[in-house]
Structure formats: C-alpha cells, structure tokens
Amino acid sequence: MAPGTVLTQQGEIYKVFTPFKRNWLAKLAASGVQCFTKPAAQKPFNLKLPALPLMEEGDNSSAAWSVAELDVLNRMRSFCQQRVQDYASARDFPAVDGTSSLSAYLAIGVLSAQQCVARLQHEAAQQLEQEKSGASIWLSELIWRDFYKHILVAFPKLIKHQAFQPETDKINWPNNAALFEAWCNGETGYPIVDAAMRQLNETGWMHNRLRMITASFLVKDLHIDWRWGERYFMSKLIDGDFAANNGGWQWAASTGTDAAPYFRIFNPVTQSERFDPSGDFIRRYLPQLASKTNKETHWPQNPSQPKGIFDQWLSIMRHVK
Ligand SMILES: Cc1cc2nc3c(=O)[nH]c(=O)nc-3n(C[C@H](O)[C@H](O)[C@H](O)COP(=O)(O)OP(=O)(O)OC[C@H]3O[C@@H](n4cnc5c(N)ncnc54)[C@H](O)[C@@H]3O)c2cc1C
C-alpha cells in the first residue's frame, strides 16, 4: 500500500507496527489486491546510445539470482504453493532454506508485493485465516516492508542519517575502527557473527535472523554507531533497500520504531545455540570449525587477527566514561 495511505483515524502516521498492521489488513479486506492489466507494448523506437564502456567482470556474487522474470514468478508461486506452510517453523533457522529469498526482486521491482499477496490469497486462503500460520506470518513480513516505506516517506530526516528517536542521536559512540573492520571481515571470534558476515560478503545476502544478530552485536557489544553497519550492509546487500535496511538497523540499535527497545540485546551465543543448534550454518562458512563439537561451535573462538577482540574491547571500554 502506497506510503501515506495507511493512517490513523486522525490522519496521522503510525509510529509502531502492530496498529499499522491491523489497519493494513482491514484495508486489504475492504478493497482487495488492486491488480493492473498488462500494459500495451510500446512502439519500437531507435535509441542512439554513445559507445558504453564494457563492464568489468566483478565477483560472481549475483550468479545465484536469475533475472528472468518467469523464473522469479515461478519461485514466488512455488513458495506460496509449497513452502509457505513451513515458514512459521523454518524461517528463523539460517541453515534451512525456510524463507522465500525474494527480497532482491521486491527491492528492485521485478516483483511487486501486490503480486505476492494475490498469489498468497490464491494458494493459501485457508491458512491466511489462522493468525500463526506460515502464510499469515509471511504476509506480516510484507506488511513490515510497507511499514518502513511509510515511515521513511513521513520522516525524511531518516535519509539524512538521523535517528527516528532524536534523543538517541546524543549517544557518543566509541566507534573503534579495528573492531569495525573485524566485524566487516567476519573476524570477531564469535562464530555466528563471523559466519553471517561471510555469508553477506560471499553471496550478497544474509538471513534475517543473522541480520538482527550481527546488527545487535555491532551496536550493543562493539558500541559502534548503527550508521556504520547500515552503510556497510547497503554496500553489500543484493536486496539493499533504504527503507527496510534503515528500519532494520534502527530497530536493532533501539533508535527506531521498536515499541520495546530498551532491553533488546541479542546474546550471540544463545542465539546461535537456539537458531543454528547443529552448527551446520556456522560450519558452512567457517569450515575451520569442522572438528569442534556442536556445543563448542557456538562459543567465541580465537579470531584470526593479531589481537583478541576482548582485549580490544576492554581497552576501549576503559576510556569510555
Ligand atoms: C539490520 C537489517 C537490515 C535489513 N536490510 C534489508 C534490506 O536492505 N532490504 C530488504 O529487503 N530487507 C532488509 N531487511 C529485512 C529482512 O532481513 C529481509 O527482507 C529478508 O531477510 C529477505 O529474505 P527473504 O526474501 O527470504 O524474506 P521473507 O522472509 O521470505 O519475507 C518476504 C519479504 O518480506 C519483506 N521483509 C521481510 N522481512 C522484512 C523486514 N523486517 N523489514 C522489511 N521488509 C521485510 C522482504 O521484501 C522479503 O523479501 C533487513 C533486516 C535487518 C534486521
């Protein structure tokens, strides 16, 4: 739903997600999905282009992402037909292919959220009536996408790197460059964080649970300004979308729209034990841990950098009042 169309009774923007979602669902029930007819073909025209320089072949991180529209539609259809029913139980486990992986297409408009909702209603109408079903939860994620677009358009300051909660802009972040580099390179010594960052660096995509864990780690453990992480994600993500990325970072940093921000600190070890219990995801990106037991796999390891992250962290904290 276009930014500015889901508003409170007073015509104001919702600042928290749950009432926004309630109103969004009421609007969908009232007017349904608005599908447009196929546009008529344009007349052929001759476009005279100057000779363009050949693009340099970079890394092949986008090779896994087909750009054929039919492939994308089929991926979305088969997700709605078969996999969405397992979404509720599988979506938080990065070792499992439990989410749609459609974000890159939604971000650049190969696919619209309307198409997704129309297909979901067609394939999973009964599931949509149950609040905790895979289909309902997937729909909620699409609503989060709309929520952050509404927020971005209503608060243009967000695009000027300002926090949604203005008082949090007074935080004096220690911003240690070496710690930031270790985080970017997946060399913090925390296996779940490092494996996640390597997934991002190697594939251009990162699982949602891991985006939350790595963002929380950067801000709440390394005490680095969320904007550094936001910028780094944007430079790497194949699904980079300003509204969703900014919203996700500010949520994780407790500077954004989260209704209960103060105690939201993710423990990287317990998150790892809970969401990658067998360590399969970690070992996929950190094969050097193959010989560790499942239990050991989750605990901080000696990172491949000269100075341990704990030492660095302690030396910074000694200088923070
Ligand atoms: C720190 C952080 C940064 C993020 N940056 C981005 C970003 O740049 N681009 C982006 O598309 N998503 C971003 N997200 C949201 C989410 O992680 C991804 O949309 C999701 O992982 C994409 O995988 P998927 O297509 O398999 O998602 P699915 O679980 O299948 O969800 C379906 C679609 O819903 C939308 N969606 C899902 N979760 C969210 C969410 N929390 N906020 C907004 N939209 C959502 C996406 O378009 C997604 O493709 C971020 C989240 C965090 C915590």
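All residue numbers refer to position in the chain's written sequence, counted from 1. Note on the predicted model: pLDDT of at least 70 is required for a residue's local features to be given, and 80 or more for side-chain atom pairs to be given and counted; whole-chain, interface and lining totals, by contrast, use all residues.

(A) A look at the overall build of the protein. What counts as a helix is a DSSP run of H or I of at least four residues, what counts as a strand is a run of E of at least two, and both are numbered from the N terminus. On a plain count of helices and strands, the protein comes out with 16 helices and zero strands. For 321 residues, the compact-globule estimate of 2.2 N^0.38 gives 20 Å, and the C-alpha radius of gyration of the protein, at 21 Å, lies within 12% of that figure. Projected onto the principal axes, the alpha-carbon positions of the protein cover approximately 65 × 50 × 50 Å. Think of it as a crowd count around each C-beta: if 20 or more other C-beta atoms lie within 10 Å the residue is buried, if 12 or fewer it is exposed, and in between it is partly exposed, with C-beta placed from the backbone throughout. Considering the protein as a whole, with its 321 residues, one finds that 31% of them fall into the buried category. Long-range contacts, defined as pairs at least 24 residues apart, comprise 68% of the intrachain contacts of the protein with a sequence gap of at least 6. Throughout, radius of gyration means the C-alpha value; the globule benchmark is 2.2 Å times the number of residues raised to the power 0.38. It is the C-beta atoms, placed from the backbone, that decide contacts: two residues are in contact if theirs lie within 7 Å.

(B) A look at the nonpolar core. Buried Ala, Val, Leu, Ile, Met, Phe, Trp, Tyr and Cys residues whose C-beta atoms connect them within 7 Å together make up a nonpolar core. With 31 residues, the main nonpolar core has Val84 and Leu120 as its most contacted residues. Looking at this core, the elements that each hand over two or more residues are α1 (17–31), α2 (69–83), α4 (103–108), α5 (113–123), α7 (134–154) and α12 (242–253). Here this core gets eight residues from one element, more than from any other, and that element is α7. Not counting residues up to four positions away in its chain, the partners in contact with Leu120 are Cys80, Val84, Leu128, Ala135, Trp138 and Leu139.

(C) Looking closely at helix α9 (residues 191–203). Helix span, expected: 1.5 Å multiplied by one less than the number of residues in the helix. End to end, α9 covers 18 Å across 13 residues, agreeing with the expected 18 Å (1.5 Å per residue, within 8%). Regarding α9, the residues found buried are Pro191, Ile192, Val193, Asp194, Ala195, Ala196, Met197, Gln199 and Leu200. Considering only its buried residues, α9 is in contact with α8 (177–185), α10 (208–221), α11 (226–236), α13 (268–275), α14 (280–285) and α15 (294–297). The first or second residue beyond α9 is Gly204, which carries a positive phi of 80 degrees.

(D) Highlighting α13. The complete set of buried residues in α13 reads Pro268, Gln271 and Ser272. Looking down the long axis of α13, one finds its buried residues gathered within 100 degrees of arc, a one-sided arrangement. Regarding the arc, it is the one traced by the directions from the helix axis to the C-beta atoms.

(E) Spotlight on the environment of Glu273. Mapped onto the elements, Glu273 comes out in helix α13. Taking the C-alpha atoms as reference points, Glu273 and Leu289, separated by 16 residues in sequence, lie 15 Å from one another.

(F) How the structure looks around unusual backbone geometry. With phi around 65 degrees, His161 is a residue other than glycine that occupies positive phi space. Residue placement: His161 occurs in the loop between α7 and α8. Exposure remark for His161: the 13 C-beta atoms within 10 Å place this residue in the partly exposed category. Even without being glycine, His223 reaches a positive phi, approximately 55 degrees. Along the chain, His223 turns up in the loop between α10 and α11. Using a count of 18 C-beta atoms within 10 Å as the deciding quantity, one classes His223 as partly exposed.

(G) Representation of the site of the ligand. Nearness is defined per residue: the C-beta atom, placed using the backbone, must lie within 6 Å of the molecule or strand. In the vicinity of the ligand lie 28 residues, with Thr99, Ser100, Ser103, Asn245 and Gly248 positioned nearest. Of all the secondary structure elements, the ones that give two or more residues to the shell around the ligand are α4, α7, α10 and α12. Per-element accounting of the shell around the ligand gives the leading share, six residues, to α12. Tallied by class, residues from the shell around the ligand come to 13 nonpolar, nine polar and six charged. Per the annotation, domain bounds derive from an automatic or database assignment of domains. Lining the shell around the ligand are residues from two domains, each supplying at least three of them: domain 1 (17–32 + 64–154) and domain 2 (166–319). The classification used treats Ala, Val, Leu, Ile, Met, Phe, Trp, Tyr, Cys and Pro as nonpolar, Asp, Glu, Lys and Arg as charged, and all other residues, Gly among them, as polar.

(H) Representation of the domain arrangement of the protein within the structure. Taken domain by domain, the protein consists of domain 1 (17–32 + 64–154) and domain 2 (166–319). Taking only C-alpha atoms into account, the centre of domain 1 sits 26 Å from that of domain 2. Opposite the 16 residues of domain 1 that make contact, domain 2 presents 19 residues. Broken down by element, the side of domain 1 that touches domain 2 gets its largest block of residues, five residues, from α7.

(I) Structural view of the packing of α2 against α5. It is the contact of α2 with α5, at a shortest axis distance of 9 Å, that shows an interaxial angle of 35 degrees. For α2 against α5, the interelement crossing comes out right-handed. Residues Met76, Arg77, Cys80 and Gln81 of α2 form the contact with α5, whose own contacting residues are Gln115, Cys116, Arg119, Leu120 and Glu123. Of the residues contributing to the contact of α2 with α5, the split by class is four nonpolar, two polar and three charged. An axis is simply a line fitted to the C-alpha atoms; with a helix, the fit covers only the stretch in contact. Between two such axes, the angle follows the N-to-C directions and lies from 0 to 180 degrees. By the definition used in this description, the sense in which the near helix is turned from the far one sets the handedness, with an anticlockwise turn below a right angle giving left-handed and a clockwise turn giving right-handed.

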